[in-house]
Amino acid sequence: MFLPVGNHDGGGDGAAVELPAEIEELSLGSTGVLEDRLSALPDDILRSILLRLSSTTSAARTSVLSRRWRGLWAQLPEIHFPFPSNPAAVGPALAATAAGPALRLLHVACRDDAGAEAWLRTAAGRLVAGGELYFYNRTPGQERANVGALSWQCLTLQLPCFETAARVWLRLGFVDLELPLAGVFSRLTELRLEHVNLDSESESESELGNMVSSPRCPVLRELCISIARGLDSLCIISETLERLELNMLNGLKELTINAPMLRALNVVACFTRRKPVAAIYASRLELLWWSDAFDPSFVVFSEMPNLQQLTTFPIPVYGRINFRLLQDSVMLLQHFPVVSQLDLILNYQRDLNKYKYLMGIITRLPNINILSLWLETKGHAIAASVFHLLSICPGVRKLKVTLRDDLKVDAPCTSICACCEQQNWCTSYTLDILEEVEIHNFRESNHDFAFLGMLLDVSTEIKKMTVTLHHLASPSELLLSLGNLGSCFEIKYDTSEVSYEPPSSLFPGTPDDQCD
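## Focus: the overall build of the protein chain
Scanning the protein chain from terminus to terminus reveals 11 helices and 26 strands. When contacts within the protein chain are restricted to residue pairs at least 6 apart in sequence, those whose partners lie at least 24 apart make up 61%. Here the protein chain has roughly 23500 Å² of accessible surface; of this, 51% comes from carbon and sulfur atoms.

Rendered as structure tokens:
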């Protein structure tokens, strides 16, 4: 069944909407004649139907169906304006729903919302205790991918205090942000603040640290600050914070974190152009992703007896010997004596003739049980780099190797390539503790089989080996013959084109991330 949708005055797109079979059945009387039985349903059922629509705009359009539907959308506890909504509609929607219930969710994703400050202030007073706010503002500066001198930097947004919200996610398009100087975010448990400019001359940096610390955020558990400018220093003192992510805080010079309940910390590219100065006091930390500059003379970590997982900046297998971030990663790896799981990303250059083999710089790793490697090989051999790491951490019981090549672009290199000259990994030792191996995106190249064969030769205690084929590869007779090893060897066929991305964020993505 189809119903025309348009304005009462004949405007609108005049499109026809197909009703689902269940609704059509409700709309037909016993004689099969079309009746408005749907409108006879109780208000709470009609509101639940409206909540399943994609946007508040769609819900409001149902007012044209009959008088029974008019105004029902204004009684909903949620407002949705998905990307790319008209920002001018947000304020009127809040006004139209003012007599309705308090909002449990407000979701706005739009372009160039210069009037956001007014409706954000209104929303702060409308959210129910435990409510959620998501605001994505895409500005012309973002579309030009210009984080520098943006025309929108002349726009200033004064953030209100969200006293009742439990979750606030703001991606503001690099507007100048003024933080609230007073007020307590008494119910806020999660805050994500992304794409903002903080004016260092107005002391916004100290205001940010004060705002997210315990006196003003007494129950905050999760905090993400990503791609922010103008932040010279940041000091966070929180008794409740459990997850913290700091990503690309351009200009950051000094970082202090005192969070006794913190369990996961991710710091990415905040100090990459300068010596880091940081003090991290987090005695319960279990996961540390430090993809950034590191110098033990200027970065202080408290004792972390519960540390389970460590990740560093991506490591170049070949490169220039004076690459500073490689030296920093080496010092970080040597800083922690014991870690349950070590995650490393190894990057190869496409043309190795211009560079030197750098893995020999890594001479010591923590005592670990699980070694997870993501290798962007550009078609080169992996055995030398992997076996070098295994040789300096003989206690590894589980090895996970993920090959991240694009078979359409990264064809295997030739036998005269520099990667084939590194043969120090051959049969010089035995892996008598390694029990489990996972290899993802196996390409069936000669390089891959050479690595697999050597691994089987030197490992005496493997109880389980799983090889997942690249989605463009087909199992060869050689690979299938390895199935004769018994139940410990398993071949999986990946047809879903899963990329097996390395860990990059502590926080899950949102539907608005697709707008970027």
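## Digging into the environment of proline 502
Tracing the backbone shows proline 502 in the segment after strand 26 (489–493). Dropping the residues within four chain positions of it, proline 502 is found in contact with Ile345, Trp374 and Arg404.

## Brief notes about the pattern of salt bridges
Applying the stated criterion to the full structure yields 16 salt bridges. A salt bridge links arginine 171 to glutamate 194, with the shortest nitrogen-to-oxygen separation between them at 2.6 Å. Of the two residues, arginine 171 is situated in strand 7 (residues 165–178) and glutamate 194 in strand 8 (residues 190–197); the sequence distance between them amounts to 23 residues. Owing to a relative accessible area of 6%, arginine 171 belongs among the buried residues under this scheme. Judged by its relative accessible area of 4%, glutamate 194 falls in the buried class. With a shortest N-O distance of 3.3 Å, glutamate 435 and arginine 397 are connected by a salt bridge. One end of the pair, glutamate 435, is in the loop between strand 23 (398–403) and strand 24 (436–442); the other, arginine 397, is in the loop between helix 9 (383–391) and strand 23, with 38 residues separating them in the sequence. With a relative accessible area of 40%, arginine 397 lands in the partly exposed category. Among the ionic contacts, a cluster of salt bridges with common partners joins Arg171, Arg192 and Glu194.

## Section: the pairing of strand 25 (residues 464–469)
For strand 25, the buried fraction is high: five of the six residues fall into the buried class. With helix 10 (residues 446–458) bridging strand 24 and its parallel neighbour strand 25, the resulting β-α-β unit is right-handed. Here strand 25 runs beside strand 26; their pairing, made up of five bridges, is parallel. Within the sheet, the bridge partner assigned to valine 467 lies in strand 26 and is isoleucine 491.

## Here we look at unusual backbone geometry
Across the junction of phenylalanine 83 and proline 84, the peptide omega takes the value 0°, indicating a cis bond. With respect to the helices and strands, proline 84 occurs in strand 3 (residues 78–85). With phi around 55°, aspartate 112 is a residue other than glycine that occupies positive phi space. Along the chain, aspartate 112 turns up in the loop between strand 4 (103–111) and helix 5 (116–126). Although it is not a glycine, histidine 195 sits at a positive phi angle of roughly 60°. Counting through the fold element by element, histidine 195 comes out in strand 8.

## Some details on the sheet that holds strand 16 (residues 299–301)
Taken in spatial order, the four strands make up an open sheet running 10-12-14-16, and their pairing is parallel. A single partner strand is all that each edge strand has here, and the edge strands are strand 10 (233–237) and strand 16. Across the sheet, the mean angle from the axis of one strand to that of its neighbour is 5°, orientation sign disregarded. Alignment of strand 14 (residues 277–281) against strand 16, held across three bridges, turns out to be parallel. Looking across to strand 16, one finds that isoleucine 280 is bridged to phenylalanine 301.

## Some points on the packing of helix 9 against helix 10
Between helix 9 and helix 10, whose axes approach to 10 Å, the crossing angle comes to 25°. Between helix 9 and helix 10, the crossing angle belongs to the class labelled roughly parallel. The handedness of the crossing between helix 9 and helix 10 is right-handed. Here helix 9 contributes Ala383, Val386, Phe387 and Leu390 to the contact with helix 10, which in turn contributes Phe451, Met454, Leu455 and Val458. Its residues placed into classes, the contact of helix 9 with helix 10 shows eight nonpolar, no polar and no charged.

## Notes on the packing of aromatic side chains
Scanning the entire structure with this criterion turns up 10 aromatic pairs. Taking the centre distance of 5.6 Å and the plane angle of 90° together, the rings of phenylalanine 83 and tyrosine 136 count as edge-to-face. Here phenylalanine 83 is found in strand 3, whereas its partner tyrosine 136 is found in strand 5 (residues 127–138), with 53 residues between them in sequence. By relative accessible area, which is 0% here, tyrosine 136 ends up buried. Ring centres of phenylalanine 294 and phenylalanine 301 lie 6.0 Å apart, and the angle between their planes is 20°; this geometry places the pair in the stacked category. Through pairs of rings, three or more aromatic residues link up here, namely Trp290, Phe294, Phe301 and Phe336.

## Looking at the environment of leucine 246
With respect to the helices and strands, leucine 246 occurs in strand 11 (residues 243–250). Sequence-wise, leucine 246 and asparagine 266 are 20 residues apart; in three dimensions their C-alpha atoms are separated by 6.2 Å. When near neighbours in sequence (up to four residues on either side) are disregarded, leucine 246 contacts Ile225, Leu234, Leu255, Ile257, Asn266, Val267, Val268 and Cys270.

The rules behind these values
- Residues numbered from 1 in each chain as written.
- Predicted model: local features only at pLDDT ≥ 70, side-chain atom pairs only at ≥ 80, totals over all residues.
- Heavy atoms only, no water.
- Helix = DSSP H or I, 4+ residues; strand = E, 2+ residues; numbered from the N terminus.
- Contact = heavy atoms within 4.5 Å.
- Areas by Shrake-Rupley, 256 points an atom, 1.4 Å probe, with all protein chains shown as cover.
- Salt bridge = Lys/Arg side-chain N within 4 Å of Asp/Glu carboxyl O.
- Buried < 20%, exposed > 50% of the residue type's maximum accessible area, 1.4 Å probe, protein only.
- Right-handed = clockwise from strand over helix to strand, strands pointing away.
- Pairing = 2+ DSSP bridges.
- Axes fitted to C-alpha atoms, helices over the stretch in contact; angles between N-to-C directions.
- Parallel < 35°, antiparallel > 145°, perpendicular 65-115°, else oblique.
- Left-handed = near helix turned anticlockwise from the far one by under 90°.
- Nonpolar A, V, L, I, M, F, W, Y, C, P; charged D, E, K, R; others polar.
- Phe/Tyr/Trp six-rings, centres within 6.5 Å; stacked < 30°, edge-to-face > 60°.

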